[in-house]
Amino acid sequence: MTLTELKYIVAVAREKHFGKGADACHVSQPTLSVAIKKLEEELQVKLFERNANEITVTPLGEEIVRQAQSVLEQADNIREIARRGKDPLAGALRLGVIYTIGPYLLPDLVRQAIAHTPQMPLMLQENFTVKLLEELRTGEIDCAILAEPFPDTNLAIAPLYDEPFMAAVPSAHALASRKSVTAEELKKETMLLLGTGHCFRDHVLEVCPEFARFSSSAEGISKSFEGSSLETIKHMVAAGMGITLVPRLGVPKEALAQQAAAGKTAKGKTSRSKVAAEQPSFIKYLPFEGDVPSRRVVLAWRRSFTRYEAIAALRNAIYACELPGVMRLS
C-alpha cells in the first residue's frame, strides 16, 4: 500500500462519492477507482459499499480510514519536522475561519501576518463551524478561528477574545434615538436571522429564544427573515425590514464615529455642517444594558499538529490586530 492510496480512501470516505473524491485529489476517477480496488484486493477487505446513488463506508472500512488519516498526518509531521529544521515558520499555514468572523478579522490579520511572518502565508477558508471541525479532524486545514460553544473534538484550544454583541436598528426606528437597549425590548421587534448552520444564529437565539420560530422549516414569509450573511442582513436592516444583532467587530468604525459626532452636535459641541458632510448612515448600532450578550472567539488546532511556532505566530498576529471593543484573552 502507498500513501497515495491512503489519501484516496480518505477522500472518498469524506466526500461519499468517487467522482468528488477524485476531484479533491486532483486525479481522474478511473485512476482513483483502480487504486482503491487494488488496495482492497491487497487487504482482502471491502472498504466501500457501492450503491446506485451514494457510497457508504463499511464498518471495517471506517476503522481503516481512521488509521489511514493518522498515517497521513504522521507523514505530514515528518515533512514539517524537516521544514522546521530550516525555518520553524517556513511554509503556508492553512487557516479556517467561520463566516461571521472572517470579513471583520481577516483584513487586519493578513496585514499583520505579512508584516511579521512573510515566510508563512495564510491559506484561508471561510466555512460553517461543523465543516471546519471536520476539516480539522481530517487534516485539510491546520487550525481554525471559531466561536464557542462547539462539540468537544479533543482539539487544543487557545482563547483569543470575548466579543460583545450590539443591536443594529434602522435609523428611522423608534429605538434609534436610544443610547442603549435591553434584550427584553428586542423581543417585540422583527428579528432578522442568519440561516441554519451559522453558529451566530444560535447566539442570537440565546438572547431572543422566541425567534426560533423563524427557522428553515418555517412556512411563507417567515423564511424572508433569514439571510445568507451578516452583511446582507445589515442591508435588510438599512432598508427597514427589521433589526438584528451584530458582533462588535462587525460594526463599521465610521458608523460609530458618525453616531458620536451626531451626539456631540445635539449638545452643541460639533458644527452641524461637519455632521452633514458625513455620508448618511441608515443603521444605528446600540450597546446592551445590563448583562451584555457576547461570544468567546478561540483558535483551535489538532493536538497532533507539530508546528507549535506557527500557532504562536498566528496568535501574536491576531493580538496585534486592532480588535476594537473586544476583551482580549491570554
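The rules we used
Residues numbered from 1 in each chain as written. Predicted model: local features only at pLDDT ≥ 70, side-chain atom pairs only at ≥ 80, totals over all residues. Heavy atoms only, no water. pLDDT = per-residue confidence, 0-100. Contact = heavy atoms within 4.5 Å. Core = buried A, V, L, I, M, F, W, Y, C linked by side-chain atoms within 4.5 Å. Buried < 20%, exposed > 50% of the residue type's maximum accessible area, 1.4 Å probe, protein only. Helix = DSSP H or I, 4+ residues; strand = E, 2+ residues; numbered from the N terminus. Pairing = 2+ DSSP bridges. Salt bridge = Lys/Arg side-chain N within 4 Å of Asp/Glu carboxyl O.

1. Some points on the confidence of the model for the chain
The predicted coordinates of low-pLDDT regions are not to be read in fine detail. When the pLDDT values of the chain are averaged, the result is 84; 86% of them are 70 or greater. A low-confidence stretch, residues 214-224 stays under pLDDT 50, and its non-local contacts, those more than four residues away or across chains, total 15 contacts. Considering only residues more than four positions removed or in separate chains, one finds that residues 271-278, a stretch of pLDDT under 50, has seven contacts.

2. Some details on the nonpolar core
Most often, soluble globular proteins keep nonpolar side chains buried together rather than apart. The biggest cluster of nonpolar side chains holds 74 residues, and the ones touching the most others in it are L109 and I145. The element best represented in this core is strand β6 (residues 155-170), accounting for 10 residues. In contact with L109, other than residues within four places in its own chain, are L95, L122, I145, L314, A317, I318 and C321. In this structure, V10, A22, L32 and A68 belong to the second largest nonpolar core, which totals 21 residues.

3. Notes on the side chain of T129
Inspection of the secondary structure assignment puts T129 in helix α6 (residues 129-138). Under the relative-accessibility criterion, T129 is labelled buried at 10%. Apart from the residues lying within four places of it in its own chain, the contact partners of T129 are I98, L146, F150 and C199.

4. Observations regarding the pairing of β6
Most of β6 is tucked away: 13 of the 16 residues are buried. In the sheet, β6 pairs with strand β11 (residues 294-302) via nine bridges, with the strands oriented antiparallel. When the sheet's bridge partners are listed, E163 is paired in β11 with R295. Pairing between β6 and strand β12 (residues 327-328): two bridges, direction antiparallel. Paired with D162 across the bridge in β12 is M327. By the bridge criterion, four bridges tie β6 to strand β9 (residues 244-247) in an arrangement that is antiparallel.

5. Re α6
Inspection of α6 places T129, L132, L133, E135, L136 and T138 among the buried residues, and these make up the whole buried set. A positive backbone phi angle near 85° is found at G139, which sits one or two residues after α6.

6. Some words on the pattern of salt bridges
If you walk through the whole model with that rule in mind, you get 19 salt bridges. Among the ionic pairs, R137 bridges to E134, the shortest N-O distance being 2.8 Å. Of this pair, R137 and E134 are both found in helix α6, three residues apart, which corresponds to roughly one turn of the helix. With relative accessibility at 46%, the residue R137 sits in the partly exposed group. Ionic pairing is found between E185 and R178, a salt bridge with its closest N-O pair at 2.7 Å.

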